[in-house]
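For reference, the chains in residue letters:
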Amino acid sequence: MRYFMNMRYRGRLIPDYEGDELPNEEAVRGHALATASDLIFRTRMDTIRSWFDCSFEVTDESGRVVLAMPFDEVIPESLGSA
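Anyway, here's the lowdown on the structure attached to this text. (Residues numbered from 1 in each chain as written. Predicted model: local features only at pLDDT ≥ 70, side-chain atom pairs only at ≥ 80, totals over all residues. Heavy atoms only, no water.)

What to know about the pattern of salt bridges
In step 1: Summed over the entire model, instances satisfying the criterion amount to 7 salt bridges.
In step 2: For E73, the salt bridge goes to R29, with nearest N and O atoms at 2.7 Å. A residue pair is termed long-range when its members are at least 10 positions apart, and E73 in the loop between β5 (65-70) and α2 (77-80) and R29 in helix α1 (residues 25-42) qualify at 44 residues.
In step 3: The exposure class assigned to E73 is partly exposed, which follows from its relative accessible area of 33%.
In step 4: Within this structure, E25, D60 and R64 form a network of salt bridges that share partners. (Salt bridge = Lys/Arg side-chain N within 4 Å of Asp/Glu carboxyl O. Helix = DSSP H or I, 4+ residues; strand = E, 2+ residues; numbered from the N terminus. Buried < 20%, exposed > 50% of the residue type's maximum accessible area, 1.4 Å probe, protein only.)

What to know about the side chain of S55
In step 1: Inspection of the secondary structure puts S55 in strand β4 (residues 54-59).
In step 2: On the accessibility criterion, S55 (18% relative accessible area) is buried.
In step 3: When sequence neighbours within four positions are dropped, the list of residues in contact with S55 reads N6, M7, R8, M69, P70 and F71. (Contact = heavy atoms within 4.5 Å.)

What follows is the structure in structure tokens.
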């Protein structure tokens, strides 16, 4: 099934028009975490000041939201509380 990794940044929704083929909803969270991590640690954009202000709103082919995930979930809780 195709899932769309729509990104929300400071109230603005940036749609994913291509989507990603994933085997099931269980794979969506892992894919979202890996993608957010890659963006946070490897990508610079002048239009996005902090990736931690972003979240994914992942939808399936029917438009149903299957996951809403803030990018700060890529940081383990043990590091966030140190």
